[in-house]
Structure formats: structure tokens, C-alpha cells
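Close look at the chain arrangement
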Amino acid sequence: MVRPMHSWNRAFAYAALLGVSGAVLLLGAAAGAIAAERGDTQGLADRAPTRPHLDVQESPHAPLLLPNDLSSTLLATSELVIPPDLRLIVFAPHPDDETIAAAGLIQRVRESGGEVRVVYMTNGDGYVDAVRHSVHRDKTSSADFLAYGQRRHDEALRALGSFRLGSDDAVFLGFPDDGIDDLWAGHWSDSNPYTSPYTRFDRPPYKDSWIRNVEYAGTDLKGAITRVVDDFQPNWVVVPDPRDRHPDHCTTAVFVLDVLQRAQHIPARAPVRVLAYLVHYPDYPASANWAKQISGAGVGGTSAASRELSGTPWLRLPLSSSQQATKGDALNAYASQLEVMRPFLRQFLRSYELFTELDDRRIAGIPREYAARFGRALK
Ligand SMILES: [Zn+2]
């Protein structure tokens, strides 16, 4: 989910409070802050993703389970069919993304005899406003962020319990919340690791982190994802939609696709089917407007339209009332998130889940296209 941080992130949070005109001013300043931090003075708004903000109002009387809306009718969707005995990996940038985006899919795969592994890229330990809320004071320490990351880890395990998944079915990579895009853009080599401004660590700090002897560098994250994929040997992989506005989400997708584009060509291995989910995109999933905009967006939802992302097919997975209720149970495990953004999260309690499919051409092309934006060629 969203963690407003850094100077530009705080600007997003304030913009959400100020309304449209204030938002325009502040978000302009925010884009400048990103450019300044990265030593870039032009064109970054069309290259790098920017932090989304949450501005969702909820009626106190809103039903827990929302009815279908019109968004899927604007897209040519077909139903997602779940074959038996699948091996599914769901990549979640933060604890809760797997539930809001794919709780129904996880249940359907389990009910069809399949196995599921959920990979948490971060423990969500960089969400400043939520940590302040949690500790009941404005001044926070690195210990507060670490305790918060441990709390979100524990919540994730409780959520997975709703799907009858255990700790063996989860992988916590422990990479930096609010920093996945920094690894891609500025800390690729492990000779120059990134340090989380929240936990003050430059490597996974948690005892339950899957691999401890890695650093916060793009090469090390890519290596960790490769190990996860090689270890589990999935048939299907679910990633965030590369057009998601949250930098951790879209960059998680690019990292995973970069790993998969190599794996797709290993002769002994069956090709992997890749599905992608949206979380942070304007009006998603509450109104149909997002469906009109998405086909013109590039990685990070930028207006730099992507050749590789245009025209992706959309698939709809209907959820039974029982599956919807289980999704609600799993979401309720995330008390730390519901405390600070209940209306946003509850939007995802619907009678269907929506995914887009990324074929081989896109799996190979998206990371190449995105690396080129930063003047880097993929090896
Ligand atoms: Zn997230």
C-alpha cells in the first residue's frame, strides 16, 4: 500500500488534504524534489513513477461487500479459468497487496489442488504516518519502523492463515519499503547499496527475512527473485501492473519481469503465465474512469505511453460469496493498515478480481523499455 514519505511523499499526503488546486502546486513541487534528489532536471515526470495519494471517502453505512461496478464493462474482459494443480507465485510489494488484489485467485488455486507462494518484497516498514499513528507521537526512531515492519509481517501470516497458508508458503524478502524504485534507478550495484531512511538498514534486518546475506542493491534483489522462482518453479506468476502509480509496485513488476524473461527461454522449463493487478491508479477500482486512461499509460502510470503495455487483455475472476467473505477475513488481519486507510482498502472487497495478462513479448520488452528510460541497457 501507500506510504507517504521523503519530502515528495509528504507533499502527496498534504495534497490529498488540500484538494485539487493545492494538490497541483504541491505535486509540482514534489516532482521537483524527486528530480533534485536524483540529479535530474528535466523530463523526469515522464520517466519515473510518482507517489499516489489516497483520497477515498466512505459512508459509515457503506456495505462491506460492494456490488459490481461498470469498470469491467468498459474493457473487453473474459473470465479467468483456473486449471487444476497450478503452482502460483504472487508478488506483493507490501503486506496486504496479496489480499486486496488476489485473495480470490489464491483461494481458487488452492481449491483446485494448486500450491501458492506469496512473496513480500518489503515488510512495509517505511510508512511514516502509520508509524506515527502506531506509536502515538510525531518523533519516530528506526526502532519504531522495525517494530512496525515486524507487526506487518505478523499480520501477513494471519491473513495467509485465512487461506490456510502457513509460514512455509510465504517469503519475506525484507527489501526497503519506499525504496524498490531506488534500487532500480540509482543503487543497482552492490558496491553502492541503498540505505533505508526509516530503518537505517542497508540489508534485510528481520530474523525471518528469507535471505540475510544480501544488500539493498538492484543486482541482489534480482538474484533473490531468481532464487524464489527457481526454488518454487511456478506455472503462473502474479505481479503488480507495471502501470501502477506506486513506485514500489511498478518497479516490483519490472524486477520480476526482468527475471522471468530469462527463465522463459530455459528449454527444460514450461513457460510461465504472467498476470498483473492494479492497486494504485486514479479511480481504481471505484469508478470506471481508470479503464479509459490505462491503455495510454507507461510504467508507473506515466503519460509516456508504453509500446509494450498498450492493448493488454483483461481477465475477470468472479468470487463466490464465501470467497468474498474469506477475503474480508484476510483483510481484517491487517489492523495496522485499516487503522489508517480503511476506506481505500475496503474498495477492493468486490465480487470479482481483475487481472491483465503479459505475454512473452511484453515480459521481455517492459524491463528493457524501462531500463532504457534510465539510460541503462539490460544484460
Ligand atoms: Zn502496496
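This section reports on the structure supplied with the text. Since the structure is predicted, the reported quantities are computational estimates derived from the model, not experimental observations. (Residues numbered from 1 in each chain as written. Predicted model: local features only at pLDDT ≥ 70, side-chain atom pairs only at ≥ 80, totals over all residues.)

Pairing is mixed in the open sheet, where 8 strands are placed in the order β1-β7-β8-β6-β5-β2-β3-β4. Strand pairing shows two members of the sheet lacking a second neighbour, β1 (77-79) and β4 (170-175), which therefore form its edges. In this sheet, neighbouring strand axes are inclined to one another by 30° on average, regardless of whether the strands run parallel or antiparallel. With 5 bridges connecting them, strand β7 (residues 314-318) and strand β8 (residues 352-358) associate as antiparallel partners. When the sheet's bridge partners are listed, L317 is paired in β8 with E353. Where helix α3 (residues 97-111) meets the sheet, its contacts fall on β2 (87-92), β3 (115-122), β5 (236-240), β6 (273-277), β7 and β8, and the angle it forms with β2 comes to roughly 175°. Against the sheet, helix α5 (residues 142-162) engages β3 and β4, with an angle of about 160° to β4. (Pairing = 2+ DSSP bridges. Helix = DSSP H or I, 4+ residues; strand = E, 2+ residues; numbered from the N terminus. Axes fitted to C-alpha atoms, helices over the stretch in contact; angles between N-to-C directions. Contact = placed C-beta atoms within 7 Å.)

Turning our attention to helix α7 (residues 218-232). Between the first and last C-alpha of α7 there are 21 Å, a value that for 15 residues agrees with the 21 Å anticipated at 1.5 Å per step. On its buried face, α7 is in contact with β3, β4, α6 (180-185) and α8 (247-263). Of the residues trailing α7, Q233 is marked for its positive phi of about 55°. (Expected span 1.5 Å × (residues − 1).)

Here the bond from Y284 into P285 is cis, since omega is -5°, no more than 30 degrees from zero. Turning to its location among the elements, P285 is positioned in the loop between β6 and α9 (289-293). For D96, which is not a glycine, the phi torsion comes out positive at approximately 120°. With respect to the helices and strands, D96 occurs in the loop between β2 and α3. Note on D96: 27 C-beta atoms within 10 Å, which makes it buried. (Buried ≥ 20, exposed ≤ 12 C-beta atoms within 10 Å, placed from the backbone.)

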